[in-house]
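Structural characterization, general
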Amino acid sequence: MRFGVTYQTSKRVGSLYMPVGPDRYEIVEINSSIGKAPEELIKKEIGVRVESNRESVYIYAVEVLQP
């Protein structure tokens, strides 16, 4: 499945992650077998694909793109 992801990177402030920098948009490809998993797993997968450290990413829009 293909997803359009709008996100910002973030920095850690205490125990929270605060978004920083300009919005970025990226198209992310995820194996369709993962698409049947719970939403949280998909978010985690997207985070891993978009940035190497998923905890440094603040994702606020995910759009499923038609094939």
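Let me begin by describing the structure that accompanies this report. (Residues numbered from 1 in each chain as written. Predicted model: local features only at pLDDT ≥ 70, side-chain atom pairs only at ≥ 80, totals over all residues. Heavy atoms only, no water.)

**A short note on the overall build of the chain**
- Along the chain, the regular secondary structure elements total one helix and three strands.
- Its helices and strands in sequence order give the chain the pattern β-β-α-β, from N to C terminus.
- Within the span of the chain, comprising 67 residues, buried residues form 30% of the whole.
- Here the analysis covers contacts within the chain between residues at least 6 apart in sequence; of these, 53% occur between residues at least 24 apart.
- Of the roughly 4,700 Å² of accessible surface on the chain, 52% is carried by carbon and sulfur atoms.
- Counting 9 positive and 9 negative side-chain charges, the chain places the averaged centre of each group 4 Å from the other. (Helix = DSSP H or I, 4+ residues; strand = E, 2+ residues; numbered from the N terminus. Buried < 20%, exposed > 50% of the residue type's maximum accessible area, 1.4 Å probe, protein only. Contact = heavy atoms within 4.5 Å. Areas by Shrake-Rupley, 256 points an atom, 1.4 Å probe, with all protein chains shown as cover. Lys, Arg positive; Asp, Glu negative; His and termini not counted. Charge placed at Lys NZ, Arg CZ, Asp CG, Glu CD.)

**Quick word on the nonpolar core**
- One finds Phe 3, Val 5, Tyr 7, Val 28, Ile 30, Ile 42, Ile 46, Val 50 and Val 57 forming the largest nonpolar core, which totals nine residues.
- Those elements giving two or more residues to this core turn out to be strand E1 (2-13) and helix H1 (39-50).
- Residues contacting Ile 46, with those up to four places away along its chain left out, are Phe 3, Val 5, Ile 30, Ile 59 and Val 62. (Core = buried A, V, L, I, M, F, W, Y, C linked by side-chain atoms within 4.5 Å.)

**Things to note about the environment of Glu 26**
- As for its placement among the helices and strands, Glu 26 is situated in strand E2 (residues 16-29).
- Separated by 10 residues in sequence, Glu 26 and Leu 16 have C-alpha atoms that sit 24 Å apart.
- Among residues more than four places away in sequence, those in contact with Glu 26 are Phe 3, Gly 4, Val 5, Tyr 7, Arg 49 and Val 50.
- In this structure the side chain of Glu 26 is engaged in a polar contact, spanning 2.8 Å, whose partner is the side chain of Tyr 7. (Polar contact = N/O pair within 3.5 Å; in protein donor to acceptor, adjacent residues only side chain to side chain.)

**Regarding the pairing of E1**
- Direction of pairing for E1 relative to E2: antiparallel, over a ladder of 11 bridges. Following the sheet pairing, Val 5 is matched in E2 by Glu 26.
- Here E1 folds back onto E2, and the loop between the two strands holds two residues, one of which, Gly 14, carries a positive phi near 65°.
- For E1 and strand E3 (residues 57-65), the ladder comprises eight bridges, and the chain directions are antiparallel. When the sheet's bridge partners are listed, Thr 6 is paired in E3 with Ala 61. (Pairing = 2+ DSSP bridges.)

**Here's the deal with the side chain of Thr 6**
- Relative to the assigned elements, Thr 6 resides in strand E1.
- The contact partners of Thr 6, leaving out residues within four places of it in the chain, are Asp 23, Arg 24, Tyr 25, Ile 59, Tyr 60 and Ala 61.

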